[in-house]
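Understanding the architecture of this molecule
Listed below are the residues making up each chain.
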Amino acid sequence: EYNDKRLNRRLIQDLPSTPTLYLYSDTDVVISANDVESMIYNKQAYHKSMNKMQKEVKNQQIIQKYKFRGSGHVAHFKQYPAKYEAILLQFLSSL
């Protein structure tokens, strides 16, 4: 399990209004899906608390994610090119 608290904190707190797309896999041996999902959850919670403190309401979904099944680390496009492209196009059109 990956656990660098300083890096995690920086990933969670940096660029609060930057739309982010996480593409990950349930079979990645470099970083587990649980680690990615934990970081996403913490980042969403952080941004939600910051928006409440600043009394801002943001309708845009800042964080989007997609978990591939069975593709290795950074191998999603190779294994699922059509799905990968569709996810990217959907994300880009949401900006």
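What you see is a predicted model, and the numbers here were worked out from it, not measured in a lab.

For the rest of this paragraph, the subject is the nonpolar core. Core analysis: the largest hydrophobic core is formed by eight residues, namely Tyr22, Tyr24, Ala33, Val36, Met39, Ile40, Ile62 and Ile63. Residue assignment for this core shows that the elements contributing at least two residues are strand 1 (20-25) and helix 2 (33-53). With four residues, helix 2 is the largest single contributor of residues to this core. The residues touching Tyr24, leaving out its near neighbours within four places in the chain, are Ala33, Val36, Glu37, Ile40, Lys65, Tyr66, Lys67, Phe68 and His76.

We now examine a nonpolar patch on the surface. Together, Val29, Val30 and Ile31 make up a nonpolar patch on the protein surface, roughly 300 Å² of accessible area in all. In this structure, Val29 sits in the loop between strand 1 and helix 2. Judged by relative accessible area, which is 79%, Val29 ranks as exposed.

The rules behind the values
- Residues numbered from 1 in each chain as written.
- Predicted model: local features only at pLDDT ≥ 70, side-chain atom pairs only at ≥ 80, totals over all residues.
- Heavy atoms only, no water.
- Core = buried A, V, L, I, M, F, W, Y, C linked by side-chain atoms within 4.5 Å.
- Buried < 20%, exposed > 50% of the residue type's maximum accessible area, 1.4 Å probe, protein only.
- Helix = DSSP H or I, 4+ residues; strand = E, 2+ residues; numbered from the N terminus.
- Contact = heavy atoms within 4.5 Å.
- Patch = residues over 30% accessible without salt bridge, like charges linked within 9 Å, V, L, I, M, F, W, Y side chains within 5 Å.
- Areas by Shrake-Rupley, 256 points an atom, 1.4 Å probe, with all protein chains shown as cover.
- Salt bridge = Lys/Arg side-chain N within 4 Å of Asp/Glu carboxyl O.

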